[in-house]
Amino acid sequence: SHNYGAAMRHAWATVAVVALASFQVAMTLSAVFVVFIDLGEYFPDASNAQLSWAINAFTIVSASTVVLGAAIGDQWGRKRVALIGTTLFALGSVIAGAAPGVGILIFGRCVQALGAALFGPSSLALVLEAFPFEKRGIAIGVFTMGGGLAAAAGPALGGFIVEHLGWRWAFLAVVPVGVISV
């Protein structure tokens, strides 16, 4: 019974950390759309097509590497790969937030995407592994709640951040979340 209690505390800690890291990814995904106009003003020489890559590069890279991310998680261990993915996402956020030009911004978004592709499949697997079968439904609900809240709050919070702190902070604001998650 003591072991069950300790295992459940560990399971809930796992879901809390994974949900926090998921929040980081979902927040950035939804906030980036608010940044688009500010990017055009900050990089006036860039075309809309170039600027759209700051948004689209993430989708293309993460979608094309998520299966590889899952396979790497199976090979190297899900916890390790989730940590690497969370770290890469935070690093990509720093690169994007500090970008002196559109090319570096796009590169930062690609690094974020690779991080998300590593983190995503491993994170859900960690949650599922941590809970006994009969508790998995509630665990998945809590896990997805973090991402759902971030996706819903992202545009409003992103707009607030961009208006008061500038576009760079739409990327940089999630870095502490990633650091805490790791």
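These figures come from a predicted structure and were not determined experimentally.

**A look at the environment of Thr65**
Right, so step 1: Position of Thr65 among the secondary structure elements: in helix α2 (residues 48-76).
Right, so step 2: A relative accessible area of 16% places Thr65 in the buried class.
Right, so step 3: For the pair Thr65 and Gly115, spaced 50 residues apart in sequence, the C-alpha separation works out to 9.8 Å.
Right, so step 4: Look past the residues within four positions of Thr65 in its chain and what remains in contact with it is Leu114 and Ala117.
Right, so step 5: In this structure the side chain of Thr65 is engaged in a polar contact, spanning 2.7 Å, whose partner is the backbone oxygen of Val61.

**Quick notes on the packing of aromatic side chains**
Right, so step 1: For the structure on display, the rule yields 6 aromatic pairs.
Right, so step 2: Ring geometry for Tyr42 versus Phe43: centroids 4.9 Å apart, planes at 85 degrees, classification edge-to-face.
Right, so step 3: Residue classification places Phe43 among the buried positions, given a relative accessible area of 8%.
Right, so step 4: Taken together, the aromatic side chains of Tyr42, Phe43, Trp167 and Phe171 make up a single cluster linked through ring pairs.

**Some points on the packing of α2 against helix α4 (residues 102-130)**
Right, so step 1: α4 packs onto α2 with a crossing angle of 30 degrees between their chain directions and a minimal axis gap of 6 Å. Between α2 and α4, the angle is such that the two are roughly parallel. The way α2 lies across α4 gives a crossing that is right-handed.
Right, so step 2: Across the contact of α2 with α4, the residue classes break down as 20 nonpolar, 7 polar and 1 charged.

**Description of the pattern of salt bridges**
Right, so step 1: By the definition in use, this model includes 2 salt bridges.
Right, so step 2: A salt bridge links Asp74 to Arg78; its shortest N-O distance comes to 2.8 Å.
Right, so step 3: When its relative accessible area of 51% is taken as the criterion, Asp74 is described as exposed.
Right, so step 4: For Arg78, the salt bridge goes to Glu129, with nearest N and O atoms at 2.3 Å. Of this pair, Arg78 sits in helix α3 (residues 78-97) while Glu129 sits in helix α4, and the two are 51 residues apart along the sequence.
Right, so step 5: When its relative accessible area of 29% is taken as the criterion, Arg78 is described as partly exposed.
Right, so step 6: Take Glu129: its relative accessible area is 49%, and that puts it in the partly exposed class.

Parameters at a glance
Residues numbered from 1 in each chain as written. Predicted model: local features only at pLDDT ≥ 70, side-chain atom pairs only at ≥ 80, totals over all residues. Heavy atoms only, no water. Helix = DSSP H or I, 4+ residues; strand = E, 2+ residues; numbered from the N terminus. Buried < 20%, exposed > 50% of the residue type's maximum accessible area, 1.4 Å probe, protein only. Contact = heavy atoms within 4.5 Å. Polar contact = N/O pair within 3.5 Å; in protein donor to acceptor, adjacent residues only side chain to side chain. Phe/Tyr/Trp six-rings, centres within 6.5 Å; stacked < 30°, edge-to-face > 60°. Axes fitted to C-alpha atoms, helices over the stretch in contact; angles between N-to-C directions. Parallel < 35°, antiparallel > 145°, perpendicular 65-115°, else oblique. Left-handed = near helix turned anticlockwise from the far one by under 90°. Nonpolar A, V, L, I, M, F, W, Y, C, P; charged D, E, K, R; others polar. Salt bridge = Lys/Arg side-chain N within 4 Å of Asp/Glu carboxyl O.

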